[in-house]
Amino acid sequence: MTNSVLLIPGMLKPLRLARVYGFLVQRGGGLYHPGGNQPACSLGLAQKMVEGGWLEKHGQRYEPTEKGLKAAE
């Protein structure tokens, strides 16, 4: 895992939602909070967040890392 992916403004909303709900769920082409009908972000952005160490992927679930939780504060 590299930490070269910088936090960009578009990452804040999904990180905040992941912090509130504990995880985001992959559906279709995006990540959603549990029960949500609006995507928090695209799968492409989610992958960048995983590469940067902001989120961890566990199957269809994406959970915030310690770094991601701090960024969402």
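Above this text you will find the structure in question.
Just so it is clear, the model here is predicted, and its values are computed rather than measured.

Asker: What's the story with the side chain of Q26 in this structure? I'm lost.
Answerer: Position of Q26 among the secondary structure elements: in strand β1 (residues 24-27). Here Y62 takes part through its side chain, which lies 3.3 Å from a polar atom of the side chain of Q26. Contact partners of Q26, with chain neighbours within four places excluded, come to L31, L43, K57, G59, Q60 and Y62.

Asker: How should I be thinking about helix α1 (residues 12-21) in this particular structure?
Answerer: Those residues of α1 that sit buried are P14, L15, L17 and A18. Down the axis of α1, the sector holding all buried residues measures 165°, keeping them to one side. Packed against the buried residues of α1 are β1, β3 (41-42), α2 (43-51), β4 (55-58), β5 (61-64) and α3 (66-71). Following α1 by one or two positions, G22 has its phi on the positive side, about 90°.

Asker: How do you make sense of the nonpolar core when you look at a structure like this?
Answerer: If you look at soluble globular proteins, the nonpolar side chains tend to sit buried side by side. Core analysis: the largest hydrophobic core is formed by 18 residues, its most contacted members being M11, L15, L31, M49, W54 and L55. Contributing elements (two or more residues each) for this core: α1 and α2. Considering each element in turn, this core owes the most residues, four residues, to α2. When neighbours within four sequence positions are excluded, W54 is seen to be in contact with V5, L6, L7, M11, L15, M49, E63, P64, T65, K67, G68 and A71.

Asker: I'm lost on the packing of aromatic side chains in this one. Help?
Answerer: Note on aromatic pairs: each is described by the distance of the centres and the angle between the planes. Inspection of the entire model under this criterion finds zero aromatic pairs. Taking the ring centre of Y32 as reference, the NZ or CZ of R27 above it sits at 4.1 Å. Sitting over the face of the ring of F23, R61 holds its NZ or CZ atom 3.6 Å from the ring centroid.

The rules we used
Residues numbered from 1 in each chain as written. Predicted model: local features only at pLDDT ≥ 70, side-chain atom pairs only at ≥ 80, totals over all residues. Heavy atoms only, no water. Helix = DSSP H or I, 4+ residues; strand = E, 2+ residues; numbered from the N terminus. Polar contact = N/O pair within 3.5 Å; in protein donor to acceptor, adjacent residues only side chain to side chain. Contact = heavy atoms within 4.5 Å. Buried < 20%, exposed > 50% of the residue type's maximum accessible area, 1.4 Å probe, protein only. Arc of directions from axis to C-beta. Core = buried A, V, L, I, M, F, W, Y, C linked by side-chain atoms within 4.5 Å. Phe/Tyr/Trp six-rings, centres within 6.5 Å; stacked < 30°, edge-to-face > 60°. Lys NZ or Arg CZ within 6 Å of the ring centre and 35° of its normal.

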